[in-house]
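# Chains, contacts and geometry: an overview
Each chain, written out:
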Amino acid sequence: NESISLNVLEMSAYGIISFVTSGGCQTWPELCELGIVKEVDWNNLEIVSKDVLEDTKPLTADKKFAARELVSIENHIAIFIKQLKS
């Protein structure tokens, strides 16, 4: 499985949906739960095309904000500090 790339994280911060290889959400399951990252099987381009066309609706402001919070460096630093303290 491939981890989610930096460009997918950057697009998530802007509320842009990304399609990643099946199993790719293991590194950022929260983004998949928000619906901003979707797993697809690239071997079936017909289904991928259908998914892309169906998932072009704009995300809600709440989902965009949540995604931005998840991928922010500030959030990651807070997590690391919390782990160091425990």
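What comes next concerns the included structure. (Residues numbered from 1 in each chain as written. Predicted model: local features only at pLDDT ≥ 70, side-chain atom pairs only at ≥ 80, totals over all residues. Heavy atoms only, no water.)

## Thoughts on the state of the cysteines
Summed over the entire model, instances satisfying the criterion amount to one disulfide. At a sulfur-sulfur separation of 1.6 Å, the disulfide partner of C25 is C32. Between C25 and C32, the S-S dihedral sits near -75 degrees, and the bridge is therefore left-handed. The class of C32 is partly exposed, set by a relative accessible area of 23%. (Disulfide = S-S within 2.5 Å. Buried < 20%, exposed > 50% of the residue type's maximum accessible area, 1.4 Å probe, protein only.)

## What to know about the packing of helix α4 (residues 61-71) against helix α5 (residues 73-85)
Between α4 and α5, whose axes approach to 5 Å, the crossing angle comes to 50 degrees. When the axes of α4 and α5 are compared, the pair comes out oblique. Along the contact surface, α4 presents E69, L70 and V71, while α5 presents I73, N75 and H76. Counted by class, the contact of α4 with α5 contains three nonpolar, two polar and one charged residues. (Axes fitted to C-alpha atoms, helices over the stretch in contact; angles between N-to-C directions. Helix = DSSP H or I, 4+ residues; strand = E, 2+ residues; numbered from the N terminus. Parallel < 35°, antiparallel > 145°, perpendicular 65-115°, else oblique. Contact = heavy atoms within 4.5 Å. Nonpolar A, V, L, I, M, F, W, Y, C, P; charged D, E, K, R; others polar.)

## Considerations on the environment of L31
Examined against the element boundaries, L31 turns out to sit in helix α2 (residues 29-34). Each C-alpha atom, one on L31 and one on F19, is 11 Å from the other, the two residues being twelve residues apart in sequence. Residues contacting L31, with those up to four places away along its chain left out, are L9, S12, I36, V37, A67, L70 and V71.

## As for the nonpolar core
Counting 18 residues, the largest nonpolar core has I4, L9, W28, L31, I36, V37 and V71 as the members making the most contacts within it. At the level of elements, α1 (6-13), β1 (18-21), α2, β2 (37-40) and α4 are the ones that each hand at least two residues to this core. Filtering out sequence-adjacent residues up to four positions away, I36 remains in contact with S12, G15, I16, I17, S18, L31, L59 and A67. (Core = buried A, V, L, I, M, F, W, Y, C linked by side-chain atoms within 4.5 Å.)

## A closer look at the pattern of salt bridges
Counting across every chain of the model gives one salt bridge. Its salt-bridge partner being K50, residue E54 comes within 3.4 Å of it at the nearest N-O pair. Taken together, the residues E54 and K50, both in helix α3 (residues 45-54) and four residues apart, mark about one turn of the helix. By relative accessible area, E54 is classed as partly exposed at 46%. In this structure K50 comes out as partly exposed when scored by relative accessible area, which is 48%. (Salt bridge = Lys/Arg side-chain N within 4 Å of Asp/Glu carboxyl O.)

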